[in-house]
Amino acid sequence: MSTEFLVHATGLCALVLNVLALVRTCEKSLRIQSGCAGVIWALNNLLLGAHTAAALSLVSAGRTATSAATLDRSERCKRRMFLGFVALSLLIGALTWKGWDSLLMVLASVLSSYAMFYLRGSQLRMSMLLVSALWMYNAWVYDSWEQMLANVLTAAAGLIGTWRVARLREVSLAA
């Protein structure tokens, strides 16, 4: 099996998981499915030679799984987890630094950490638009059409998910 085939296969698989996660209305399902996508994105980035992105994709997978487990926990618990993932993101950025490009990946990781631990519903999904824009730069630098498409579709799915959550809220308020 060629590396190019694996790059495309992992990219497409992660892309599908990402999009399906963001159109979900269940907060826990969104986080679990996004975590699974993060593991596959890590492999995809590793195959591309994007080491900062690969390591931060693993952080993303751990962060989303942790945020799913702490959805109903205290603010103190969430703050500790958030600060731990921020520290981990900064450490990985420093250890895998490849110039200022790495800063965008670290910023995306920190923003995503905040979103996963402190936001829900429409706000969470809208914040993923900014995170997708930051990850788009990595996709462009490594010429990964799967990641470029994933970022565009993730942004679109975030908008659709926002609409679905708002609609669900309207229906529940009307009932």
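So, a few notes on the structure that sits alongside this text. Values in this document were obtained by computation on a predicted structure and should not be read as measured data.

Looking only at helices and strands, one finds seven helices and zero strands in the chain. The helix and strand sequence of the chain, counted from the amino end, reads α-α-α-α-α-α-α. A globule of 175 residues ought to have a C-alpha radius of gyration of about 16 Å, and the chain, at 16 Å, matches this closely. Along the first, second and third principal axes, the C-alpha atoms of the chain reach 55 × 35 × 25 Å. Burial analysis of the chain (175 residues in total) assigns 46% to the buried set. The long-range share in the chain, meaning contacts at least 24 apart out of those at least 6 apart in sequence, stands at 71%. Summed over all atoms, the accessible surface of the chain reaches about 8900 Å², with 70% contributed by carbon and sulfur. Charge separation in the chain, taken as the distance between the mean sites of 15 positive and 8 negative side-chain charges, equals 13 Å.

Further remarks concern the environment of Leu-107. Looking at the secondary structure, you find Leu-107 in helix H5 (residues 101-118). Linking Leu-107 and Leu-12, residues 95 residues apart in sequence, is a C-alpha distance of 24 Å.

In this section: H5. Taking 1.5 Å of rise per residue, the 18 residues of H5 would be expected to cover 26 Å, and the 26 Å separating its terminal C-alpha atoms lies within 8% of that figure. All of the buried residues along H5 are Ser-102, Met-105, Val-106, Ala-108, Ser-109, Ser-112, Ser-113, Ala-115, Met-116 and Phe-117. Buried residues along H5 sit in contact with helix H2 (27-48), helix H3 (51-69), helix H4 (75-95) and helix H6 (121-141).

Take the packing of H2 against helix H7 (residues 145-174) next. Helices that pack against each other are described as a pair by the angle of their axes relative to one another and the distance between those axes. Between H2 and H7, the shortest axis-to-axis distance is 11 Å and the interhelical angle comes to 145°. Between H2, through Trp-41, Asn-44, Asn-45 and Leu-48, and H7, the contact on the second element is made entirely by Glu-146, Gln-147 and Ala-150. Looking at the contact of H2 with H7 residue by residue, the class counts come to three nonpolar, three polar and one charged.

When you line up the elements, Ala-53 lands in helix H3. When the C-alpha atoms of Ala-53 and Leu-107 are compared, they prove to be 12 Å apart, with 54 residues separating the residues in sequence. Dropping the residues within four chain positions of it, Ala-53 is found in contact with Asn-45, Met-105, Trp-135 and Asn-138.

For the rest of this paragraph, the subject is unusual backbone geometry. Within the chain, Asp-143 stands out as a residue other than glycine whose phi angle is a positive 50°. Among the residues examined, Asp-143 registers a relative accessible area of 61% and is labelled exposed.

Within the structure shown, the criterion is met by three salt bridges. In this structure, the salt-bridge partner of Arg-31 is Glu-27, at a minimum N-O distance of 2.9 Å. Taken as a pair, Arg-31 and Glu-27 lie in helix H2 at a separation of four residues, close to a single helical turn. The burial state of Arg-31 is the same as that of Glu-27; both residues are buried. Notably, a salt bridge pairs Arg-125 with Glu-27, separated by 3.0 Å at the nearest N-O pair. Of the two residues, Arg-125 is situated in helix H6 and Glu-27 in helix H2; the sequence distance between them amounts to 98 residues. Given the relative accessible area of 14%, Glu-27 is considered buried. What emerges from the salt-bridge pattern is a single network uniting Glu-27, Arg-31 and Arg-125.

Within the element layout of this structure, Asn-44 appears in helix H2. With a relative accessible area of 0%, Asn-44 lands in the buried category. Those residues in contact with Asn-44 that lie beyond four places of it in its chain are Val-7, Thr-10, Gly-11, Ser-144 and Gln-147.

What counts as what
Residues numbered from 1 in each chain as written. Predicted model: local features only at pLDDT ≥ 70, side-chain atom pairs only at ≥ 80, totals over all residues. Heavy atoms only, no water. Helix = DSSP H or I, 4+ residues; strand = E, 2+ residues; numbered from the N terminus. Rg over C-alpha atoms; globule rule 2.2 N^0.38 Å. Buried < 20%, exposed > 50% of the residue type's maximum accessible area, 1.4 Å probe, protein only. Contact = heavy atoms within 4.5 Å. Areas by Shrake-Rupley, 256 points an atom, 1.4 Å probe, with all protein chains shown as cover. Lys, Arg positive; Asp, Glu negative; His and termini not counted. Charge placed at Lys NZ, Arg CZ, Asp CG, Glu CD. Expected span 1.5 Å × (residues − 1). Axes fitted to C-alpha atoms, helices over the stretch in contact; angles between N-to-C directions. Nonpolar A, V, L, I, M, F, W, Y, C, P; charged D, E, K, R; others polar. Salt bridge = Lys/Arg side-chain N within 4 Å of Asp/Glu carboxyl O.

The values reported here are purely geometric and, on their own, carry no functional implication.
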